[in-house]
Amino acid sequence: MNQQQLINHLPYLMALDNSKDLESIGYYLSEHLKVAGGYWTINAIGCLNKIDQISEEKKQQLSQWLKQCQNEDGGFGGNTNHDSHITNTHYAILLSFLLGCELNYEEAAKYIASRQRKDGSFEGDKWGEVDARFSYCGLSSLTLLNKRDLIDIKKAANYIKKCRNFDGSFGGIPDAESHGAYVFCCVGTLYLCEDLSFNIDELAMWIHERQTSKGGLNGRPEKLADVCYSWWMYSALCLLKREQWINQQALENYILECQDSDGGIADRPNNQPDVFHTFFGLAALSLLNGDKYQLNPIDPAFALPKSILINIPAVNRFIQS
Amino acid sequence: MMHGQSKSKAETLSEEEIKLRAEKGQQILESLDYFFKVRKNQVNQPEDQLAFSELMAKLCPEIATIYNYRREVLQTKFDHLGQLLSESKSIEAYKQLLKLIQSEFMLIAILLKQHPKSYTLWTHRQWMVLRSQEIDQLITQINQDNQFKLIEAIKQEYELCSKMLDRDERNFHVWNYRNWLSSICAFGKEDEFTKKKIEQNFSNFSAYHFRSKFFMKNYNKSETILERIKTEQILGLIPLPFSRLKEETELIQQAIYIQPKEHGVYLYHRWLVGVVQPFGFTKVEKVSNNSVTVQFNRAVSNVENSFELFNNENALKIMDIKIEGTNVIISFEDQQILNLKIKIINQIYQNGSLETMVSEDEFSKFLVPSEINIKFDNEGFQFSNTIQQEYNEAINQIDKYLDENLEFIKQVIEEEKQNRFPYIQILYLLQFKLRTQKLIDSSKSKDIVKEALQHCEQLKKIQNDHQAQFLYEFWSQF
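Residues numbered from 1 in each chain as written. Chains lettered and ligands numbered in written order. Predicted model: local features only at pLDDT ≥ 70, side-chain atom pairs only at ≥ 80, totals over all residues. Heavy atoms only, no water.

Chain B is annotated in an unreviewed UniProt entry as Geranylgeranyl transferase type-2 subunit alpha of Paramecium sonneborni.

Looking at an unreviewed UniProt entry, chain A carries the name Geranylgeranyl transferase type-2 subunit beta, with the source organism given as Paramecium sonneborni. Note on chain A: under the UniProt heading Function (unreviewed entry), the record states "Catalyzes the transfer of a geranylgeranyl moiety from geranylgeranyl diphosphate to both cysteines of proteins with the C-terminal sequence -XXCC, -XCXC and -CCXX." Under the Sequence similarities (unreviewed entry) heading, UniProt states for chain A: "Belongs to the protein prenyltransferase subunit beta family." (UniProt positions renumbered as here; feature names shortened; annotations may be inferred.)

This is the structure in C-alpha cells:
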C-alpha cells in the first residue's frame, strides 16, 4: 500500500474502548496494561489535537478509575488491584496530566524516589529488577512533579553512563547490547540529569546506521524495522540536536506506509495495527513534520504535548523551543 | 502491544468462534477477579497456594502481580522450612526445600518456552537463583551433606541459556541472564562460547557485543595492566595483547568477507582497529610568558595530571589546564621563559590503574610519553619532540596494522561497489590513520584527507546516503 497521506486515526482510537476489542483474547491478557494503554490512547488522541472530543463524563470515569489504581505504598499498578510498579506509576502521572486530573502526587513521588538504589540505578518495584527504563521513569516523573531533590541526580547519570557500549550506543543495564529503545531511555535520563557528556556523534552515527532501505529504523543490527523505533530514536536525536543525521523524509514515508486503511498504525507495513504503534507513529510524525500533518507538537523528553508542559514551570528549562 | 502480527493472517471469525472467545475472555476476567480477592485476603486462601498461583501464571503469564504473590508464598515456605532445618535438621524439610526449588525452575522454564522475552519471567528466575544461593548457604552451614550443589544448578542455567540461544541467538534477555550468572558463579569459557556463536553465524552481533565485554573485563584487570603495558607496548585503550588483537582482526575480516552486507561486522571491526590508536602530541601552537598551548592528534580529556613543566630545568608550577578540543592550554606563573621543557606523562605507566579501562574517557591517560623542548629565537620559537624508541616502534607497528586493514577494506569496496558499509568503514579507518600519521610524519596528512574526500564523493552516489554529507563536511575541515 502506497500511502503519502496521514489517515484520520481518530475513529480507530475512539473505538478502542468498545466491544470490538473484546473479541480478541489479547484484550483480556493485557488487562494489566490498562494504565499504559490509557496513556497511549489519550496521548495519541492528543497528537491529533482532539482530547476535547472525549466527553467530560468519559474523562471523569477515567480519572476515577485511574485514582483507584494507586496503592497504599503510593505507587500505581497497571490496573486496579495490581501491585505497584515504577513504569505504571510513571504512565499514571502522564495520563493524569493528559486528563487534567489530580492524583496523590506526594505519595507517588515518594514511591518513585524509594526505587533508587545506592549505585544510582532504579528498581522497577520492591522485587528488585533494575533497568534503564526505570531510570527514565524516575527522572521524568520526578521532574514533572518538581521532586528532583528526592533523588541523587548525579548517581543516576553515572549509572546510565555504565550502560554505554563499544559501538557508542546504550543498552538497558551495564553490559547489555545496544538497543534502540534503550537509547531513548538512556538519552532521556541523561538529558533530564543535565549531563550529556558522552560521545554524541558516535551515538548519532549508530542511530543513522539503524535506518533501513525502506526508511524505517531497526532497533539493532540485522533486525527488522519497526515503527516504534521512529519515536525511541528520533526523539533522542532531537534531544541531541542531530535530527539531520537520518533521512527524515524516508522515515516519514515509512511511518505512513505502516498505516492501516481502516485506521491505526502497525509495527510494519501490512501488519495489524495496535494502539501502541499508533501512538508512537503519530508522536514521531509530530516531531518529524508536525505542521505538515497538523499534529500537536509533542516534547521529545517527556513524550507529552508541549501545550500541557507549558503550564508546568518546573520543566521549563527542559523544553526545547 | 503486539509485534509482527500480519494483517493478512487476521482471521474473520464465525459467530460461534466470537462467542467462544468472549466466554474464554470472561473466564479469564473472573479468574483474575478471584485471584485479586485472594491476594487481598478478601476470601480464604486456597489450600494449595502454589498450585493456585501456578494455574494463574499459566492463564496470564504476563501479569507481574501473580508472580509477586507466588514469591510471597514461596518465601514464607522457604523461611519456614529453613527454620525447621536449622532447628531440627529435619530431613523432610531439606527434601521439601530441594523439591520446591527444582519444581519452580521447571515451571519457569516451561513458561519461558512460550514467552522467551518476558521480563517478568526472567526477573522471577533471577529471584529464584538468589533464593537458591541463600538456601545453599544455609544447608552448608548446618553441615548437612549438601546434595543441592548450587554449582550444578548454575551449570543447568547455562545449559538453558545455550538451548534458548540456539532457538533465538539475539534474545538479549538470555544473553543478559547468562552474563549475570557469571557474577554468581563464573564458569569462564566466554571466549569459547562467543566464538562458537560467531562461527555458527557471522552476523550474530550479540556475540560480538559480549565478546567485546569479555575482552574489556578480562584483559584490562588493573593487576596485570601495568605489566602488560611495559611488555606489550600498549598505546591505546587496547583490551588485549597486540598479537591476540591481530588474530581477532583476522576473524572479523573473515566475517566481513563472508557477509559484507551485514552491518554488525563492520561495527566490531571498527572497534578492534580503533582501540589501538596511539594518542600523542603533535605540535606547540603558542607560547607566552605565562602559558603554552600544545596540540594532540585527537580531542583530549582528563589530562590534568599528564604534564610536567620546566623552565631552564627549573620545575614550573602549573596554575591551570584548559582543554579546547585537540588543544591543551597550560598556564603557569608569569616569568621570562628561557628554555621551556614539557614532559608528557602516560598516567597509566606512572600511576597504574585503579579501575578496569572500560570508558573512552580513560583514553587520554594513554598518552604517548615524550619530552618537548621549546627554544626561542628572533623569529619566535622552535620545538622538538622526543619519543622513546620502543614507543616509536609500537607506533610504527600500529601504522602497519592500519595499512593492512585499509587494504582489506579497499578489497571489500572493489567487490561491493554499491554497498555503503565498506565506504563508511574506510572513512573511519582513514580517520585512525590520520591520527597515527600525525605522530609519524604530519606532512603526509593531506594525502589521507584527499583520499577520504574521494570516498565521501563515492558514498554520496550510493543510495542517496545521508551520512555522506556530514562525513564530507567532517573531512573538509582538514
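With that settled, consider the overall build of chain A. Scanning chain A for helices and strands turns up 14 helices and 0 strands. Over its C-alpha atoms chain A spans a radius of gyration of 19 Å, differing by no more than 12% from the 20 Å that the globule rule assigns to 321 residues. Put simply, of all contacts in chain A between residues at least 6 apart along the chain, 64% involve residues at least 24 apart. In the structure as shown, chain A presents an accessible area of about 11,700 Å², 47% of it carried by carbon and sulfur atoms. Measuring between centres, the 29 positive side-chain charges of chain A sit 5 Å from its 39 negative side-chain charges. (Helix = DSSP H or I, 4+ residues; strand = E, 2+ residues; numbered from the N terminus. Rg over C-alpha atoms; globule rule 2.2 N^0.38 Å. Contact = heavy atoms within 4.5 Å. Areas by Shrake-Rupley, 256 points an atom, 1.4 Å probe, with all protein chains shown as cover. Lys, Arg positive; Asp, Glu negative; His and termini not counted. Charge placed at Lys NZ, Arg CZ, Asp CG, Glu CD.)

All names here are of chain B. Here 4 strands make up an open sheet; going across it, the order is β1-β2-β6-β5 and the pairing antiparallel. Each end of this open sheet is capped by a strand with a single partner; those strands are β1 (281–287) and β5 (318–324). Mean inter-strand twist for the sheet, computed between neighbouring axes without regard to direction, equals 20 degrees. Where β1 and strand β2 (residues 291–296) come together, 5 bridges link them in antiparallel fashion. Paired with Phe281 across the bridge in β2 is Phe296. (Pairing = 2+ DSSP bridges. Axes fitted to C-alpha atoms, helices over the stretch in contact; angles between N-to-C directions.)

Another point: helix α9 (residues 180–192) of chain A. Residue and element names in this part refer to chain A. Here α9 contains 13 residues, and its C-alpha end-to-end distance of 18 Å stays within 8% of the 18 Å for a straight helix at 1.5 Å per residue. Of all 13 residues that make up α9, 13 are buried, and the element is covered over most of its length. Glu194 occupies a position one or two residues after α9 and carries a positive phi of about 60 degrees. (Expected span 1.5 Å × (residues − 1). Buried < 20%, exposed > 50% of the residue type's maximum accessible area, 1.4 Å probe, protein only.)

When the pLDDT values of chain A are averaged, the result is 93; 95% of them are 70 or greater. Ignoring residues within four places in sequence, the model shows residues 19–23 of chain A, a span with pLDDT below 50, making 6 contacts including any to other chains. (pLDDT = per-residue confidence, 0-100.)

All names here are of chain B. Strand order in this open sheet of 5 strands is β4-β3-β7-β8-β9, and the pairing throughout is antiparallel. Both outer strands of the open sheet, β4 (314–316) and β9 (380–387), are each paired with one neighbouring strand and no more. Between one strand and the next, the sheet's axes are offset by a mean angle of 25 degrees, whatever the strand orientation. Where strand β7 (residues 339–344) lies against strand β8 (residues 370–377), 6 bridges are found, and the strand directions are antiparallel. The residue of β8 that forms the bridge with Ile342 is Ile372.

This part takes up the side chain of Glu104 of chain B. Residue and element names in this part refer to chain B. Following the sequence through the fold, Glu104 ends up in helix α4 (residues 91–114). Residue Glu104 is classed as buried on the basis of its relative accessible area, which comes to 2%. For Glu104, the contacting residues outside a window of four places in its chain are Arg70, Leu74, His124 and Met128.

Let's shift gears to the confidence of the model for chain B. Across chain B, the average pLDDT comes to 86, with 85% of residues at 70 or higher. Here the predicted complex scores 0.91 on pTM and 0.95 on ipTM.

What follows is about the interface of chain A and chain B. Contact residues are listed per partner, giving 57 residues for chain A and 63 residues for chain B. Of the roughly 5,300 Å² buried where chain A meets chain B, counting both sides, 55% is carbon and sulfur surface. Taken together, the links from chain A to chain B amount to 3 salt bridges. The partner of Asp83 of chain A in a salt bridge is Arg39 of chain B, and the shortest N-O contact between them spans 2.6 Å. Summed over the shared surface of chain A and chain B, the result is 24 residue pairs in polar contact (both at pLDDT 80 or more). When contributions to the side of chain A that touches chain B are tallied by element, the ones reaching two or more residues are α2 (25–29), α10 (200–208) and α13 (275–289) of chain A. When residues of the side of chain A that touches chain B are assigned to their parent elements, the largest contribution, 4 residues, is made by α10 of chain A. Of the residues in the side of chain A that touches chain B, the class split is 17 nonpolar, 16 polar and 24 charged. (Buried area = accessible area lost by both parts, 1.4 Å probe. Salt bridge = Lys/Arg side-chain N within 4 Å of Asp/Glu carboxyl O. Polar contact = N/O pair within 3.5 Å; in protein donor to acceptor, adjacent residues only side chain to side chain. Nonpolar A, V, L, I, M, F, W, Y, C, P; charged D, E, K, R; others polar.)

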